[in-house]
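Here is what each chain is made of, one letter per residue.
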Amino acid sequence: QVQLVESGGGLVQPGGSLRLSCAASGSIVVITTMGWYRQAPGKQRELVAIITKEGSANYADSVKGRFTISRENARNTVHLQMNSLKPEDTAVFYCNAKVATSFYSSVQDYWGQGTQVTVSS
């Protein structure tokens, strides 16, 4: 089993910053991609940013230039630095990791429990 534990959400004013972190633990052989998704009320879950174990990152157009994803492979941890936050960034943010739990298994998706980010004055 693999567990993802998120931290760092909260309430922030427009223009402010937050840093989310997610640590994976359990029966991990390799984590290929780690990423962050978000889901606002009444909307579908959407990709925010992903990063490969080699460090290649991709972002949603709505967060480019404001958010930065980073990863610590030795600690199976991914971070999301969010700057210049806007009210429309308000959502529950979910960590995702694509994990192989043995040398003979395929990669599977694992999700964190979600952390609330609220941008409001």
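Residues numbered from 1 in each chain as written. Predicted model: local features only at pLDDT ≥ 70, side-chain atom pairs only at ≥ 80, totals over all residues. Heavy atoms only, no water.

Caption draft 1: Representation of the state of the cysteines within the structure. Enumeration according to the criterion identifies one disulfide in this entry. One disulfide bridge connects C22 with C95, the sulfur atoms lying 2.1 Å from each other. Its torsion about the S-S bond being -80 degrees, the disulfide of C22 and C95 is classed as left-handed. With a gap of 73 residues between them, C22 in strand β3 (residues 18-26) and C95 in strand β9 (residues 91-100) connect regions that are remote in the sequence. The exposure class of C22 is buried, given its relative accessible area of 1%. Accessibility expressed as a relative area gives 0% for C95, which makes it buried. (Disulfide = S-S within 2.5 Å. Helix = DSSP H or I, 4+ residues; strand = E, 2+ residues; numbered from the N terminus. Buried < 20%, exposed > 50% of the residue type's maximum accessible area, 1.4 Å probe, protein only.)

Caption draft 2: Representation of the sheet that holds strand β8 (residues 77-82) within the structure. What the four strands build is an open sheet, ordered β1-β3-β8-β7; its pairing is antiparallel. With partners counted over all chains shown, the strands left at the sheet margins are β1 (2-7) and β7 (67-72), one partner each. Within this sheet the neighbouring strands show an average axis-to-axis angle of 15 degrees, counted without direction. As paired elements, β1 and β3 share six bridges and run antiparallel to each other. Note that in β3 the partner of L4 across the bridge is A24. (Pairing = 2+ DSSP bridges. Axes fitted to C-alpha atoms, helices over the stretch in contact; angles between N-to-C directions.)

Caption draft 3: Examining unusual backbone geometry more closely. Of note, N76 is a non-glycine position whose phi angle comes to about 50 degrees, a positive value. Mapped onto the secondary structure, N76 falls in the loop between β7 and β8. What makes N76 partly exposed here is its relative accessible area of 23%. Backbone geometry places S84, a non-glycine residue, at a positive phi of 50 degrees. Its location among the elements puts S84 in the loop between β8 and β9.

Caption draft 4: Spatial organisation of the side chain of R38. Within the element layout of this structure, R38 appears in strand β4 (residues 30-39). R38 gets classed as buried once you look at its relative accessible area, which sits at 7%. Within the structure, the side chain of R38 is placed 2.8 Å from the side chain of E46, a separation counted as a polar contact. A polar atom in the side chain of R38 sits 2.9 Å from the side chain of D89. Apart from residues lying up to four places away in sequence, R38 is in contact with Q44, R45, E46, V48, S62, V63, F67, D89, A91, V92 and F93. (Polar contact = N/O pair within 3.5 Å; in protein donor to acceptor, adjacent residues only side chain to side chain. Contact = heavy atoms within 4.5 Å.)

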